[in-house]
Amino acid sequence: MAEAAALAELRGIESDNFSAYAEWVAAHAETHLPFVAEIDGYVIGVAWLHVAERVPGTNALDRRYGDVQSVEVREAYRDRGIGTALMAAILDEARARGLLFVTVHSGRRAVDFYLRNGFTHHRQLMLWEPA
Ligand SMILES: CC(C)(COP(=O)(O)OP(=O)(O)OC[C@H]1O[C@@H](n2cnc3c(N)ncnc32)[C@H](O)[C@@H]1OP(=O)(O)O)[C@@H](O)C(=O)NCCC(=O)NCCS
């Protein structure tokens, strides 16, 4: 729970909401996996892997995939490979779990970061957003 509060603080969440955030993290522990970078116990970066299931296909019941979310490295610690290390850990986990693929909805300024870390633009992956 102490770590959940550190993750909330890193994301700029108000301290009044730390315990609600920690409860959410605990309730979603099976599906939303945090990867945390620390220096001497101080959290300097986090990236989340959401593991979700696709509807079974003809020959496969298990069709899990991943979605990368809430990637953040503290400003003072950027540009030294921490984000890259977090993404490498997430993609190792994706391989170990046999995920079909991993998606990411990138922030506007992080597109190149994901391109450098193994993601590609895919012509069949489509998005709808409300007007
Ligand atoms: C996007 C973000 C997570 C990247 O984290 P980071 O720790 O700075 O990432 P890296 O250090 O691995 O890579 C960033 C740069 O450092 C360079 N770098 C990587 N390893 C390095 C190393 N060992 N030494 C020096 N530079 C290095 C990379 O080449 C890259 O440089 P470039 O921008 O000139 O191409 C971080 O900028 C961030 O938190 N941004 C705000 C939140 C955000 O946009 N999140 C993503 C939303 S989906």
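Novice: Could you clarify how one ought to interpret the nonpolar core in this entry?
Specialist: It is characteristic of soluble globular proteins that their nonpolar side chains tend to be buried jointly. Core analysis: the largest hydrophobic core is formed by 20 residues, its most contacted members being L49, V68, L86, I90, V102 and F119. Counting only elements with at least two residues in this core, the list comes to β1 (32-39), β2 (42-53), β3 (64-73), α3 (82-96) and α4 (111-116). Here this core takes six residues from α3, the largest share from any one element. Once you skip the residues sitting within four places of it in the chain, I90 turns out to touch F35, A47, W48, L49 and V68. In this structure, A4, L7, L10 and Y21 belong to the second largest nonpolar core, which totals 10 residues.

Novice: Is there a simple way to think about the domain arrangement of the protein chain in this case?
Specialist: By convention, interface size is frequently given as the accessible area that disappears when the constituent parts associate. Domain assignment breaks the protein chain into domain 1 (1-29) and domain 2 (31-116). The gap between the C-alpha centroids of domain 1 and domain 2 is 18 Å. Contacts between the two partners involve 11 residues from domain 1, matched on the other side by 15 residues from domain 2. Both sides of the domain 1 and domain 2 interface together cover about 1,100 Å² of buried area, and 60% of this is carbon and sulfur. On the domain 1 side of the contact with domain 2, L7, L10 and R11 bury the most area, a combined 50% of that side's loss. For the pair domain 1 and domain 2, the number of links is two salt bridges. As a salt-bridge pair, E72 and R11 come within 2.7 Å of each other at their nearest N and O atoms. If you look at where domain 1 meets domain 2, you find four residue pairs in polar contact (both at pLDDT 80 or more). Considering each element in turn, the side of domain 1 that touches domain 2 owes the most residues, five residues, to helix α1 (residues 2-10). Within the side of domain 1 that touches domain 2, the residues separate by chemical class into seven nonpolar, one polar and three charged.

Novice: Would you mind showing me how to read the packing of aromatic side chains here?
Specialist: One pair of aromatic rings is described through two measures. These are the centre distance and the angle between the planes. Counted according to the given criterion, the structure contains four aromatic pairs. Between Y114 and F119 the ring centres are 5.8 Å apart and the planes differ by 75°, which places this aromatic pair in the edge-to-face class. An identical accessibility class is assigned to Y114 and F119; each is buried. An aromatic cluster of at least three residues, connected via ring pairs, comprises F113, Y114 and F119.

Novice: Could you clarify how one ought to interpret the pattern of salt bridges in this entry?
Specialist: Pairing between side chains becomes possible if they bear opposite charge and their charged atoms approach one another. Taken as a whole and judged by the stated rule, the model has six salt bridges. Between E72 and R78 there is a salt bridge, with its nearest N and O atoms 3.3 Å apart. Note on E72: relative accessible area 22%, which makes it partly exposed. Several salt bridges converge on common partners, so that one network encompasses R11, E72 and R78.

Novice: Is there a simple way to think about unusual backbone geometry in this case?
Specialist: For residues other than glycine, phi is negative in most cases, and the peptide bonds are mostly trans. Phi at D40 takes a positive value of approximately 50°, unusual for a residue other than glycine. Mapped onto the elements, D40 comes out in the loop between β1 and β2. Since its relative accessible area comes to 81%, D40 is described here as exposed. The backbone of D79 sits at a positive phi, close to 65°, despite the residue not being glycine. Counting through the fold element by element, D79 comes out in the loop between β3 and α3. Given the relative accessible area of 84%, D79 is considered exposed.

The rules behind the values
Residues numbered from 1 in each chain as written. Predicted model: local features only at pLDDT ≥ 70, side-chain atom pairs only at ≥ 80, totals over all residues. Heavy atoms only, no water. Core = buried A, V, L, I, M, F, W, Y, C linked by side-chain atoms within 4.5 Å. Buried < 20%, exposed > 50% of the residue type's maximum accessible area, 1.4 Å probe, protein only. Helix = DSSP H or I, 4+ residues; strand = E, 2+ residues; numbered from the N terminus. Contact = heavy atoms within 4.5 Å. Domains from an automatic or database assignment. Buried area = accessible area lost by both parts, 1.4 Å probe. Salt bridge = Lys/Arg side-chain N within 4 Å of Asp/Glu carboxyl O. Polar contact = N/O pair within 3.5 Å; in protein donor to acceptor, adjacent residues only side chain to side chain. Nonpolar A, V, L, I, M, F, W, Y, C, P; charged D, E, K, R; others polar. Phe/Tyr/Trp six-rings, centres within 6.5 Å; stacked < 30°, edge-to-face > 60°.

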